[in-house]
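Chain by chain, the residues run as shown.
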Amino acid sequence: MNSSTRLFISAAALLLATPCPAKDLGTFSAVYPIAEPDSLTELRAKAAKVDWKRHLDREKLSRKVRNFKPSDLKRLPAAARDRAFLSDLSYTLEADIPDGKGGILYPKGYTFNPLEYVRMRRAIVVINGKDRRQVAWFLKSPWFMDVNVMLLLTDGNYFSLGERLKRPVFYANTLIVDRLGLKAVPSVARQQGRYMEVREYAVR
């Protein structure tokens, strides 16, 4: 390649690399305005409608959770003496149970005992969480270290006691108390065959 050819190629490359002004080529089809709303504008509009104070008031929500207590708690007296009895959990249907095919699966009045079909491996301990003696009794009992024990309260605060004991704590509502036949606390209920054995302990 001679020097004249190289000079020509260099000049052509320089011309091609030089920016050219934009040119309006005209309109070749119909132009329509954008129908979809701007995403950012739509998000801002929705955010403006949210009650952020209600959603972000975590402290208020936290207090509500910590202080939660069912309205149907059935407070029981402290056990005056040690005693034990068997509780039958048999239940009688108050209405027909349909089979979904136009027939009746279980008729009204049918009685069944759930303990004949399931094995309840957990023991249930029920105490008054406001009674310091009962809480101290539970701490010294063999059930405190048993992870399979379910602790229920007839009174007191489940959250603060759970924090203190470092274990889950629940409430014993009226349905649970009535089904187990509880009359006093502390009580311990465990399955014995087709019955629940309930033991009451007098805390001195």
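Our structure's up above, just so we're on the same page.
Fair warning: this is a prediction, and the values are worked out from it, not measured in the lab. (Residues numbered from 1 in each chain as written. Predicted model: local features only at pLDDT ≥ 70, side-chain atom pairs only at ≥ 80, totals over all residues. Heavy atoms only, no water.)

**Things to note about the overall build of the protein chain**
Turning to step 1, where the next piece is worked out: Looking only at helices and strands, one finds seven helices and ten strands in the protein chain.
Turning to step 2, where the next piece is worked out: Counting only residues that meet the buried cut, the protein chain has 27% of its 204 residues in that class.
Turning to step 3, where the next piece is worked out: Taking the contacts inside the protein chain whose residues are at least 6 apart along the sequence as the reference set, 63% of them involve residues at least 24 apart. (Helix = DSSP H or I, 4+ residues; strand = E, 2+ residues; numbered from the N terminus. Buried < 20%, exposed > 50% of the residue type's maximum accessible area, 1.4 Å probe, protein only. Contact = heavy atoms within 4.5 Å.)

**Topic: the packing of aromatic side chains**
Turning to step 1, where the next piece is worked out: Tallied over the full model, the rule gives ten aromatic pairs.
Turning to step 2, where the next piece is worked out: Ring centres 6.2 Å apart and planes at 65° place the aromatic pair Phe 68 and Tyr 171 in the edge-to-face group. Here Phe 68, found in the loop between helix H4 (58-66) and strand E1 (83-87), pairs with Tyr 171, found in strand E8 (residues 170-171); they are 103 residues apart in sequence, far enough to count as distant.
Turning to step 3, where the next piece is worked out: Classification of Tyr 171 by relative accessible area gives buried; the value is 11%.
Turning to step 4, where the next piece is worked out: Between Tyr 91 and Phe 112, the ring centres sit 6.2 Å apart and the planes meet at 75°, which makes this aromatic pair edge-to-face. With a gap of 21 residues between them, Tyr 91 in strand E2 (residues 91-92) and Phe 112 in strand E5 (residues 111-112) connect regions that are remote in the sequence.
Turning to step 5, where the next piece is worked out: Using a relative accessible area of 27% as the deciding quantity, one classes Phe 112 as partly exposed.
Turning to step 6, where the next piece is worked out: One aromatic cluster is present, formed by Phe 68, Tyr 158, Phe 159 and Tyr 171 through successive ring pairs.
Turning to step 7, where the next piece is worked out: Directly above the aromatic system of Tyr 195 lies the positively charged group of Arg 194, at a separation of 5.1 Å from the ring centroid. (Phe/Tyr/Trp six-rings, centres within 6.5 Å; stacked < 30°, edge-to-face > 60°. Lys NZ or Arg CZ within 6 Å of the ring centre and 35° of its normal.)

**A few points about the pairing of strand E10 (residues 195-200)**
Turning to step 1, where the next piece is worked out: Two elements, E1 and E10, share five bridges in a ladder whose sense is antiparallel. Paired with Ala 84 across the two strands is Arg 199, which belongs to E10.
Turning to step 2, where the next piece is worked out: In this structure, strand E9 (residues 187-192) lies alongside E10, joined through six bridges in antiparallel fashion. Each residue of the ladder has a partner; that of Ala 189, found in E10, is Val 198.
Turning to step 3, where the next piece is worked out: Adjacent in sequence and paired antiparallel, E9 and E10 are bridged by two residues, among which Gly 193 carries a positive phi angle near 65°. (Pairing = 2+ DSSP bridges.)

**Some words on the side chain of Asn 113**
Turning to step 1, where the next piece is worked out: Assignment of secondary structure puts Asn 113 in the loop between E5 and strand E6 (123-128).
Turning to step 2, where the next piece is worked out: Given a relative accessible area of 2%, Asn 113 falls into the buried group.
Turning to step 3, where the next piece is worked out: A polar atom in the side chain of Asn 113 sits 3.0 Å from the backbone nitrogen of Leu 115.
Turning to step 4, where the next piece is worked out: Reaching out from Asn 113, the side chain makes a polar contact with the backbone oxygen of Arg 194 at a distance of 2.7 Å. (Polar contact = N/O pair within 3.5 Å; in protein donor to acceptor, adjacent residues only side chain to side chain.)

**Quick look at the sheet that holds strand E7 (residues 149-155)**
Turning to step 1, where the next piece is worked out: As summarised here, the arrangement of the six strands in space is E1-E10-E9-E6-E7-E8, forming an open sheet in which the pairing is mixed. Both outer strands of the open sheet, E1 and E8, are each paired with one neighbouring strand and no more.
Turning to step 2, where the next piece is worked out: Contacts between helix H5 (residues 132-140) and the sheet are confined to E6, E7 and E9, with E6 contributing the most and set at about 150° to the helix. (Axes fitted to C-alpha atoms, helices over the stretch in contact; angles between N-to-C directions.)

**Section: the nonpolar core**
Turning to step 1, where the next piece is worked out: Membership of the largest hydrophobic core comes to 19 residues, with the highest contact counts inside it found for Val 125, Ile 127, Trp 137, Phe 138, Trp 143, Leu 151 and Leu 153.
Turning to step 2, where the next piece is worked out: Listed by contribution, the elements that provide at least two residues to this core are E6, H5, E7 and helix H6 (158-165).
Turning to step 3, where the next piece is worked out: One finds Leu 152, Ala 172, Val 185 and Ala 189 within the second-largest nonpolar core, a separate group that totals 15 residues. (Core = buried A, V, L, I, M, F, W, Y, C linked by side-chain atoms within 4.5 Å.)

**Quick notes on H5**
Turning to step 1, where the next piece is worked out: Among the residues of H5, Gln 134, Val 135, Trp 137 and Phe 138 are the ones counted as buried. The arc enclosing the buried residues of H5, seen along the axis, measures out at 155°, which places them on a common side. Those residues of H5 that are exposed and aimed more than 90 degrees away from the buried face are Arg 132 and Lys 140.
Turning to step 2, where the next piece is worked out: As for H5, its buried residues are in contact with E6, E7, H6 and E9.
Turning to step 3, where the next piece is worked out: Its side-chain oxygen at 2.9 Å from the backbone nitrogen of Arg 133, Asp 131 defines the N-terminal cap of H5. (Arc of directions from axis to C-beta.)

Without other data, these values stay purely geometric and don't point to any function.
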